[in-house]
Amino acid sequence: MERIPHFINGALISDAERYGPVFNPATGEQEKEVALASADRVEEAIRAAKAALPGWRATSLAKRTNIFFKVRELLMQRRPELAALLTSEHGKVLSDAEGEITRGLENIEFATGLSHALKGERSEQVAGGVDVHSVRQPVGVVACITPFNFPAMVPLWMIGSALACGNTVLLKPSEKDPSSALFIAQVFAEAGLPAGVLNVVHGDKEAVDVLLENPDVKAISFVGSTPIAQSIYRRAADHGKRVQALGGAKNHMVVLPDADLDMAADAAVSAAYGSAGERCMAVSVLVAVGNIADELVNAITTRMRTLTIGPGTDPSSQMGPLITAEHRAKVASYVAGAANEGATVVVDGREQKFDSNGFFIGVSLVDHVKPGMKVYDDEIFGPVLSVVRVETYADAVKLVNDNEFGNGVAIFTRDGGAARQFEFDVEAGMVGVNVPIPVPVGTFSFGGWKNSLFGDTHMYGPESIRFYTRGKVVTTRWPDPSTSVIDLGFPQVD
């Protein structure tokens, strides 16, 4: 059986005290096993990153930029290979896997502009003969802890800016689909990244605990569920680390009565069921305003019947399996409980049968959902779309703003004034107007509000430069020595 190794100081290390199973979600069969790092192994990786830091920090911006251009070229060339790897371990269809890589590449492209992004400021003659300038310098050793749902894109979100800013990195991917992170690290090495600058350690809580507590790790980037994000934020902050921890979501798509309902139905199906709903930007709540709910539910139901669910390697498949059998059972439980809470299960994905032993489930649509129901309150992370009916625009905004999460939200309307007001009123970090999944391009930053984000900065883009660097302000004077005097007072502007 293939064994997935760690990548530490430029070397592949496959020996371990423990190993975890890696399944093909489309077949339900274990095809690989991954080495799970002990505390000692993680410490080894931290030492490698710390040792590589001085040299990488001193590497010229021009040389760093050249490496990123090579990484982009290599990933473009090997995108089909990486996509196949994603599909085999995560289960998503190949087109979705390629799309994930494309969005990840945006962050590599952003990193090629690091010479501009890292520019400081300068003011001369702020006082007599005194100049002031600022620079941004790397934080140090950075740990990146990434989730299973985007095993290529999210690592590229983090390591692109972290490395560009002169930090060294420990990447701890999900142990459920770990090969993509290893693939990316080897591409960086092929592009000329020095050994020890980017390390990959696989593991579970034992590995994470070391990253959160070791004083040589200066910053933590995390994407995952809200309870874990909150725990990581608190623990890492208690150990003096800089933290950005992105949590869960319950993304709403508000449809006003004047919207193009066919377009809205297409968008709802795409955003709710793409990637089997296993994405933090999936639309999980459709908010029907006014008297359009029946028509909208019928339109969505019609479209759901046309979806093809199957192995990600099948070109005809539009949706693949869930990541594990346990997660499939959890998603199914929400559909099972919805009717008992008073909702109407319009389409029950549990009823669809599959010829495979893979972790497949059909798509579900639940109507007449209200806050307080588990199907509404919890982040399901699966192909389940809830419909909430409200009377007015104000009711829709209140529903969104009262929710504990504030990751993404969308509105569908033909009214520019209503859209502009919604943008002003709504409490979420990312807003789409007739765009159901408003993930920002790589030149902006990604992140939510409320319980969707713990920390002060969002992921990738301009905010990532601020997160992965520290500002330093330098004040200089080159006076005539003959004018030097003792002055015990507070410095004054001349």
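Residues numbered from 1 in each chain as written. Predicted model: local features only at pLDDT ≥ 70, side-chain atom pairs only at ≥ 80, totals over all residues. Heavy atoms only, no water.

So, the sheet that holds strand E19 (residues 408-412)
Basically, it comes down to this: Only strands that DSSP links by at least two bridges are regarded as paired with each other. Comment: elements are numbered from the N terminus, with helices defined as DSSP H or I runs of at least four residues and strands as E runs of at least two. Fitting a line to C-alpha atoms yields each axis, with helices limited to the stretch in contact; the angle taken between N-to-C directions then spans 0 to 180 degrees.
Spatially, the 7 strands line up as an open sheet ordered E15-E16-E17-E14-E13-E19-E20, and their pairing is mixed. At either margin of the open sheet sits one strand with a lone partner, and together these are strand E15 (344-347) and strand E20 (430-433). Going across the sheet, the axis of each strand differs from the next one's by a mean of 20°, ignoring polarity.

Concerning the pattern of salt bridges
To keep it simple, the criterion reads: Salt bridges are counted wherever a side-chain nitrogen of Lys or Arg sits within 4 Å of a carboxyl oxygen of Asp or Glu. Per-residue accessibility, obtained with a 1.4 Å probe over protein chains only, is compared with the maximum for each type, and a residue is labelled buried under 20%, exposed over 50%, and partly exposed between these values.
For the coordinates displayed, the defined rule picks out 25 salt bridges. A salt bridge links Asp 204 to Arg 18; the shortest N-O distance between them is 2.9 Å. Here the residue Asp 204 occupies a position in the loop between strand E10 (198-200) and helix H8 (205-213), and Arg 18 occupies one in strand E4 (residues 18-24), the gap between them amounting to 186 residues. Judged by its relative accessible area of 24%, Asp 204 falls in the partly exposed class. Looking at Arg 18, the relative accessible area reads 32%, which means it is partly exposed. In this structure, the salt-bridge partner of Glu 106 is Arg 103, at a minimum N-O distance of 3.0 Å. One end of the pair is Glu 106 and the other is Arg 103, both in helix H4 (residues 94-111) and 3 residues apart, which spans about a single turn.

Regarding the packing of aromatic side chains
We apply this condition: Each Phe, Tyr or Trp ring, with Trp reduced to its six-membered ring, pairs with another whose centre is within 6.5 Å; inter-plane angles below 30 degrees give stacked pairs, above 60 give edge-to-face pairs, and intermediate values give tilted ones. Look at NZ for Lys and CZ for Arg. If either is within 6 Å of the ring centre and within 35 degrees of the ring normal, a charge sits over the ring.
Taken as a whole and assessed by the stated rule, the structure comprises 10 aromatic pairs. Measuring from centroid to centroid gives 6.2 Å for Phe 446 and Tyr 460, while their planes differ by 35°, and the two rings are tilted. Here the residue Phe 446 occupies a position in the loop between E20 and strand E21 (449-450), and Tyr 460 occupies one in the loop between strand E22 (453-455) and helix H16 (461-467), the gap between them amounting to 14 residues. In terms of burial, Phe 446 and Tyr 460 fall into one category: buried. Cluster of aromatic residues (ring-pair linked, three or more members): Trp 157, Phe 446 and Tyr 460. It is Arg 64 that lies over the ring of Trp 56; its NZ or CZ is 5.8 Å from the centre.

Quick notes on the packing of helix H10 (residues 261-273) against helix H11 (residues 293-304)
Rule in force here: Should an angle fall under 35 degrees it is taken as roughly parallel, and over 145 as roughly antiparallel, whereas 65 to 115 is taken as roughly perpendicular and any remaining angle as oblique. By convention the crossing between two helices is left-handed if the near helix lies anticlockwise of the far one by an angle smaller than a right angle, and right-handed if it lies clockwise. Note on contacts: a residue pair is in contact if any heavy atoms of the two residues lie within 4.5 Å. Any residue that is not Ala, Val, Leu, Ile, Met, Phe, Trp, Tyr, Cys, Pro, Asp, Glu, Lys or Arg is counted as polar, Gly included; the first ten are nonpolar and the last four charged.
Running from N to C, H10 and H11 point in directions that differ by 55°, and their axes come no closer than 9 Å. If you check the angle between H10 and H11, you find them oblique. H11 is crossed by H10, and the crossing has right-handed handedness. In contact with Leu 261, Asp 262, Ala 264, Ala 265, Asp 266, Ala 268, Val 269 and Tyr 273 of H10, H11 contributes Glu 295, Leu 296, Ala 299, Ile 300, Arg 303 and Met 304. For the contact of H10 with H11, a count of residues per class yields 10 nonpolar, no polar and 4 charged.

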